[in-house]
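Examination of the molecular architecture
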Amino acid sequence: MGSEFLGETVQVVPHLVSAVARRIKKLGESEDADVVIVEVAARSATWRRRRLSRRCVGCETWRDAKTRFQYILTLVPLLKPTNELKTKPTQHSVRALRALGIQPDAILCRLNDPTDSEEEAESLKDKISLHCGVPRDAIIYLPTLGNVYAVPGWLEKQGLAEVIMDRLGFERRDPVVPPVWKALADKPNLANDGEVSIAIVGKYTSLQDSYLSVVEALRHAELNQGIRIDLEWTPSELIEENGADRYLSKAQGIVVPGGFDKRGTEGMIQTAQYAREREIPYLGLCLGLQMMIIEFARHVAGIEEADSTEFDAAASEPVIALMEEQKNVTEIGGTMRLGAYSCVLTPGTRAYEAYAMAKNGSEKHNGTFKINERHRHRFEYNNAYRDRLERLGLLSSGMNPELSLVEIAEISDHPFMLGSQFHPEFRSRPEQPHPLFDLFVRYARQFRPDGTQHQLFASAVSVGS
């Protein structure tokens, strides 16, 4: 367990439980929220509130210790031979939680196969209320919806907010749905301005949730631009075996996300070469940036042995390496660069264009943008190779001023081939897609692979597009 927490000795109780409680409380304070809804079993947090402070995790003040609210989300499966919704799994879940000291105040019934009968839905609530000891109005019907952003509005219509306000002793008030959430929920499922094919090339594509933040960041750009993104998942090891053209010939854009260790990296390097030579929009994230740099060094600068010391500690041409001050750090996790770091953007680059379009960043006196982005990596672009590669067209378009490290690199004579050492997907939001993802998708929209006849995206990218 220690290696998973960067060298610290931790225990589930109290360290992890306390950390979760602190995060919930911090969220409530930062948003000035009356109520914070999280999906977590909170028996110990409730006990601490009673004993220590009588404050709800996530809220600043409370009247008494009983003002807490706990709900459970349970699956109500459909028995297809008889077309009957079964409540036994829900009953067993409630019984098991009670044995642990958790009594739900509400039950959210998750249905993958919802009933079309209003009468059956009402009967379902009656049955669960009777067997689980939860008031009928606190049994919330939650079927699969066509758009995940429609869920808050659905729960509001089902009366969950009223149940929470009554249980916590708040005076009822009219719901206020943020306009952006309503707009997202009301967006049609079909594309207004066409479809774009984006390939995600990585080593964990068999478990797509590994890249969930990347997918959501693309979806945010999709919603913002009124298009549909068709994702193609490609294991980088298959590209090593069979070549890039077999999998990427129809891609209008390519994303190479982060990862660790050597497996599949030669396929990522082949992917970067394929995108560079065919001028396919490319976005590299963390490891994806590093593979782009290694590819450029090998095939443009002629540094045939270019490699990363992550893969070969004795690499003769370490274009990706540890910083000098990292090399003598031996503690587990001590060499990781974690959290937010600043980055100054170079005017006239794609990176600058992205943040300028989004008006995202703090303007400096000399006209450049200074931004802050989140990191989770260990190895860096080796500054010893920077000037040599920059002369050949690999621009360092974003720099960390304190450590003099490259945060963003891009290829100058390519429509859009850019990589970031940070993880921009961590800061993308539905109402504000991350600038790099948004601009990447805009360029992907106008790229037409050989052999296709798309007529939708011939117009050039502009600030107003």
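Residues numbered from 1 in each chain as written. Predicted model: local features only at pLDDT ≥ 70, side-chain atom pairs only at ≥ 80, totals over all residues. Heavy atoms only, no water.

Looking at an unreviewed UniProt entry, one finds the protein chain named CTP synthase and attributed to Geodia barretti. The Sequence similarities (unreviewed entry) field of the UniProt record for the protein chain holds the comment "Belongs to the CTP synthase family." In its Catalytic activity (unreviewed entry) section, UniProt records this for the protein chain: "UTP + L-glutamine + ATP + H2O = CTP + L-glutamate + ADP + phosphate + 2 H(+)". (UniProt positions renumbered as here; feature names shortened; annotations may be inferred.)

When two helices pack together, their arrangement is given by the angle between the helix axes and the distance between those axes. Packing of helix H11 (residues 265-278) against helix H12 (residues 287-299) brings their axes to within 8 Å, and their N-to-C directions diverge by 70°. Relative to H12, the element H11 is oriented roughly perpendicular. In this structure, H11 meets H12 at a crossing whose hand is right-handed. Mapping the contact onto sequence places Thr265, Glu266, Met268, Ile269, Ala272, Gln273 and Arg276 in H11 and Leu287, Met291, Met292, Ile294, Glu295, Phe296, Arg298 and His299 in H12. In the contact of H11 with H12, the residues fall into eight nonpolar, three polar and four charged. (Axes fitted to C-alpha atoms, helices over the stretch in contact; angles between N-to-C directions. Helix = DSSP H or I, 4+ residues; strand = E, 2+ residues; numbered from the N terminus. Parallel < 35°, antiparallel > 145°, perpendicular 65-115°, else oblique. Left-handed = near helix turned anticlockwise from the far one by under 90°. Contact = heavy atoms within 4.5 Å. Nonpolar A, V, L, I, M, F, W, Y, C, P; charged D, E, K, R; others polar.)

Our focus in this paragraph is the nonpolar core. Leu248, Ile254, Tyr282, Ile293, Val319, Leu389 and Leu394 are the most contacted members of the largest nonpolar core, which totals 40 residues. Put simply, the parts of the chain that give this core at least two residues each are strand S6 (195-202), strand S8 (253-256), H11, H12, strand S11 (317-321), strand S16 (394-400) and strand S17 (405-411). The element best represented in this core is H12, accounting for eight residues. Excluding anything up to four places from it in sequence, isoleucine 254 contacts Ala199, Val201, Leu248, Thr271, Ala275, Ile280, Pro281, Tyr282, Leu283 and Phe440. (Core = buried A, V, L, I, M, F, W, Y, C linked by side-chain atoms within 4.5 Å. Buried < 20%, exposed > 50% of the residue type's maximum accessible area, 1.4 Å probe, protein only.)

What follows concerns the pairing of S17. The element S17 is largely enclosed, with a buried count of seven among its seven residues. Of the strand pairs in this sheet, S16 and S17 are connected by six bridges, and their pairing is antiparallel. Following the sheet pairing, leucine 395 is matched in S17 by glutamate 410. Joining the antiparallel neighbours S16 and S17 is a turn of four residues, in which serine 404 adopts a positive phi near 55°. Judged from the three bridges that link them, S17 and strand S18 (residues 417-420) form a sheet pairing that is antiparallel. The residue bridging isoleucine 408 from the neighbouring strand is serine 420, located in S18. Between S17 and the antiparallel strand that follows it, S18, lie five residues. (Pairing = 2+ DSSP bridges.)

Here the idea is plain: a probe the size of a water molecule rolls over the atoms and shows the empty space left. Tallying each qualifying case throughout the model produces one cavity of 30 Å³ or more. There is about 60 Å³ of room inside the largest cavity. Lining the largest cavity we find Gly259, Phe260, Cys286, Leu287, Gln290, Glu310, Arg376, His377, Arg378 and Phe379. Those elements that place two or more of their residues in the lining of the largest cavity are H12 and strand S14 (369-377). Across the lining of the largest cavity, the residue classes tally to four nonpolar, three polar and three charged. (1 Å grid on protein atoms, 1.4 Å probe; cavity = no way out; pocket = protein on both sides within 12 Å on 5 of 7 lines; lining within 4 Å. Points joined across faces, edges and corners; volume = space filled by probe spheres on them.)

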